Amino acid sequence: MLSRTAESVFGIGRSVERADGTARLLDVHLQLLNEEPWIEEDLACRSLLGVLGASVPDDERLTRADVLGMLAVDRHNAASIAYSLGAAREDARRAREFVSTELWECLNTTRARMPRKVASDKVHEFFGWVRERSALAVGIIESTTSHDETWNFFTLGRSIERANLTARLLASRMLTEVAGPSWTTILRSCGAYEPYLHTHRGVPSARTAAEFLLLDPSFPRSVLFSVRRAEQCLREVEPATERAGTEDDAQRLLGGIRSSLEVAPVAAILEDLPSRMEQVRQATTEVSDAIRARYFPTDAAPSWAGGR
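Residues numbered from 1 in each chain as written. Predicted model: local features only at pLDDT ≥ 70, side-chain atom pairs only at ≥ 80, totals over all residues. Heavy atoms only, no water.

Looking now at helix 6 (residues 123-144). The end-to-end C-alpha distance of helix 6 is 32 Å, a good match for the 32 Å that 22 residues give at a rise of 1.5 Å each. For helix 6, the full list of buried residues reads Val 123, Phe 126, Phe 127, Gly 128, Val 130, Arg 133, Ser 134, Ala 137, Val 138, Ile 140 and Ile 141. (Helix = DSSP H or I, 4+ residues; strand = E, 2+ residues; numbered from the N terminus. Expected span 1.5 Å × (residues − 1). Buried < 20%, exposed > 50% of the residue type's maximum accessible area, 1.4 Å probe, protein only.)

In structure tokens:
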């Protein structure tokens with residue numbers, strides 16, 4: 001596979017996962033503002049923009065409508081859902097000979113149906129639509145693509161972005177100094193509530209919910225599961241040799257994330273959750289840069305590089 005094609009397939013995985021994760025984060029954030037009216041709206045909105053890596057205006061008061069416009073439907077904001085879906089469609093066009101017709105039609109239709117404005121009473125419905133379209137794209141890849149380089153680069157992009165987004169979702173627990181979304185809300189937002197109940201059979205607590213989203217080896221959206229899947233994809237793309245010192249930077253960085261999660265006590269992670277999740281986010285960004293340098297050497301910035 002040519003490096004530019006592999007980069008496009010990798011970008012599809014990242015962009016689809018980013019659209020899905022951003023929809024989940026926004027859903028949690030807007031639900032929090034609706035349920036907790038005493039929270040300072042401007043502070044919460046600025047915190048969310050910071051968590052998602054979006055630029056924060058300094059000279060105006062932000063509202064939930066502003067956040068929805070910037071992070072949902074703004075086609076020029078690299079942190080928005082609309083931008084991510086557009087980037088996925090463009091990458092699919094570039095890798096047309098390696099992606100199925102069904103995937104191309106799915107991404108092309110999704111991009112075409114992306115609204116330019118969302119009414120306040122249709123916000124939750126819109127986020128549900130984004131999650132469904134993202135799941136459809138992933139399902140098409142899983143059911144129509146051989147587990148070769150195409151599948152590995154797509155899944156590698158998804159796994160890295162998913163680890164990044166789960167870390168951001170956990171950081172959203174500290175969006176304001178007053179309160180944050182409940183652990184039940186966070187678990188529901190990423191489809192983890194029922195799996196959590198099957199595992200712990202009890203009301204979510206800070207310790208058990210954070211531990212589940214960080215360290216559960218079986219739940220696909222946990223940080224640990226995503227990092228392990230990314231490591232597996234890298235090994236499939238370039239199997240290790242018997243020579244010492246052949247491990248590349250991406251594998252080393254992923255191994256560092258995994259080791260820090262497996263070794264550090266959960267209590268210690270919870271005591272400093274925002275900075276711990278910031279470390280995970282920075283590490284996943286460095287992993288993406290290392291993968292790009294090794295497999296996609298080019299001077300042009302990829303479509304998936306913005307907003308993070």
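The next point concerns the packing of helix 7 (residues 149-171) against helix 11 (residues 223-237). Interaxial distance between helix 7 and helix 11 falls to 8 Å at its minimum, and their mutual angle equals 155 degrees. Comparing the axis directions of helix 7 and helix 11 gives the class roughly antiparallel. The interaxial crossing formed by helix 7 with helix 11 has left-handed handedness. Side by side, helix 7 and helix 11 meet where Trp 151, Asn 152, Phe 153, Thr 155, Leu 156, Ser 159, Ile 160, Arg 162, Ala 163, Thr 166 and Ala 167 of the first sit next to Val 223, Ser 226, Val 227, Arg 229, Ala 230, Cys 233, Leu 234, Glu 236 and Val 237 of the second. (Axes fitted to C-alpha atoms, helices over the stretch in contact; angles between N-to-C directions. Parallel < 35°, antiparallel > 145°, perpendicular 65-115°, else oblique. Left-handed = near helix turned anticlockwise from the far one by under 90°. Contact = heavy atoms within 4.5 Å.)

This next bit is on the packing of aromatic side chains. Within this structure, the stated rule accounts for 8 aromatic pairs. A ring pair is formed by Phe 10 and Phe 296, whose centres lie 5.6 Å apart and whose planes are at 50 degrees; its orientation type is tilted. Of this pair, Phe 10 sits in helix 1 (residues 3-35) while Phe 296 sits in the segment after helix 14 (273-295); the two residues are 286 residues apart in sequence, bridging distant segments of the chain. Overall, the relative accessible area of 0% leaves Phe 10 in the buried class. Taking the centre distance of 6.4 Å and the plane angle of 50 degrees together, the rings of Tyr 295 and Phe 296 count as tilted. The cationic tip of Arg 188 hangs over the ring face of Tyr 193; the distance from NZ or CZ to the ring centre is 4.0 Å. Across from the ring centre of Tyr 295, 5.9 Å away, lies the NZ or CZ of Arg 294, which sits over that ring. (Phe/Tyr/Trp six-rings, centres within 6.5 Å; stacked < 30°, edge-to-face > 60°. Lys NZ or Arg CZ within 6 Å of the ring centre and 35° of its normal.)

Note that all results are geometric; they support no functional claim without further evidence.
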